[in-house]
Amino acid sequence: MAKSLDAEMAAIEAEERKLADRRKAHLRKLRDTAIDRVEKVGLLKLPLDRLERLMEAVKTLGVDEVEKRLTAKA
């Protein structure tokens with residue numbers, strides 16, 4: 001009985017590791033997709049000082065406020 005319980009626990013732990021690896025891979029894909037989108041719209045082509053000012057504004061105002069202001073003007 002103890003061996004089967006140990007085997008079951010080992011199988012559960014293996015599944016948990018697989019799931020954790022899948023989550024990490026998914027997060028990497030999300031990050032890569034986000035970077036690709038930023039690159040497509042040309043933000044990565046900005047001079048570094050302009051990009052830093054833009055990112056500082058986003059940090060100061062917050063993403064929601066920046067999005068609200070941009071969509072109000074569009």
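Just so it is clear, the model here is predicted, and its values are computed rather than measured.

1. Overview of the pattern of salt bridges
Link 1 in the chain: Applying the stated criterion to the full structure yields 3 salt bridges.
Link 2 in the chain: With its nearest N and O atoms 3.6 Å apart, the salt bridge here joins Asp-49 to Arg-53. Within this pair, Asp-49 and its partner Arg-53 are both found in helix H2 (residues 48–61), separated by 4 residues, close to a single helical turn.
Link 3 in the chain: Between Arg-69 and Glu-65 there is a salt bridge; the shortest N-O distance is 2.8 Å. With a gap of 4 residues between them, Arg-69 and Glu-65 both fall in helix H3 (residues 63–73), about one helical turn apart.

2. A short note on helix H1 (residues 2–40)
Link 1 in the chain: In a regular helix each residue adds 1.5 Å, so 39 residues correspond to 57 Å; H1 covers 57 Å between its end C-alpha atoms and thus fits that length.
Link 2 in the chain: Just downstream of H1 lies Gly-42, where phi reads positive at about 95°.

3. As for a nonpolar patch on the surface
Link 1 in the chain: A surface patch of nonpolar side chains, amounting to about 220 Å² of accessible area, comprises Ile-35, Val-38 and Leu-44.
Link 2 in the chain: Here Val-38 shows up in helix H1.

4. Describing H2
Link 1 in the chain: Compared with the 20 Å implied by 1.5 Å per residue over 14 residues, the 20 Å span of H2 between its first and last C-alpha is a close match.
Link 2 in the chain: Gly-62, located one to two residues past H2, shows a positive phi value of around 95°.

5. Things to note about the environment of Ile-35
Link 1 in the chain: Within the fold, Ile-35 resides in helix H1.
Link 2 in the chain: Spatially, the C-alpha atom of Ile-35 lies 25 Å from that of Ala-72, the residues being 37 residues apart in sequence.

6. Remarks on the layout of surface pockets
Link 1 in the chain: The computed volume of the largest pocket comes to approximately 330 Å³.
Link 2 in the chain: Every residue lining the largest pocket is counted, 12 residues in all, and those nearest its centre are Leu-54, Val-58, Val-66, Glu-67 and Leu-70.
Link 3 in the chain: Contributing elements (two or more residues each) for the lining of the largest pocket: H2 and H3.
Link 4 in the chain: Broken down by element, the residue count for the lining of the largest pocket peaks at 6 residues, all from H3.
Link 5 in the chain: Along the lines of polarity and charge, the residues of the lining of the largest pocket split into 9 nonpolar, no polar and 3 charged.

What counts as what
Residues numbered from 1 in each chain as written. Predicted model: local features only at pLDDT ≥ 70, side-chain atom pairs only at ≥ 80, totals over all residues. Heavy atoms only, no water. Salt bridge = Lys/Arg side-chain N within 4 Å of Asp/Glu carboxyl O. Helix = DSSP H or I, 4+ residues; strand = E, 2+ residues; numbered from the N terminus. Expected span 1.5 Å × (residues − 1). Patch = residues over 30% accessible without salt bridge, like charges linked within 9 Å, V, L, I, M, F, W, Y side chains within 5 Å. Areas by Shrake-Rupley, 256 points an atom, 1.4 Å probe, with all protein chains shown as cover. 1 Å grid on protein atoms, 1.4 Å probe; cavity = no way out; pocket = protein on both sides within 12 Å on 5 of 7 lines; lining within 4 Å. Points joined across faces, edges and corners; volume = space filled by probe spheres on them. Nonpolar A, V, L, I, M, F, W, Y, C, P; charged D, E, K, R; others polar.

As far as function goes, none of this settles anything; it's purely spatial.
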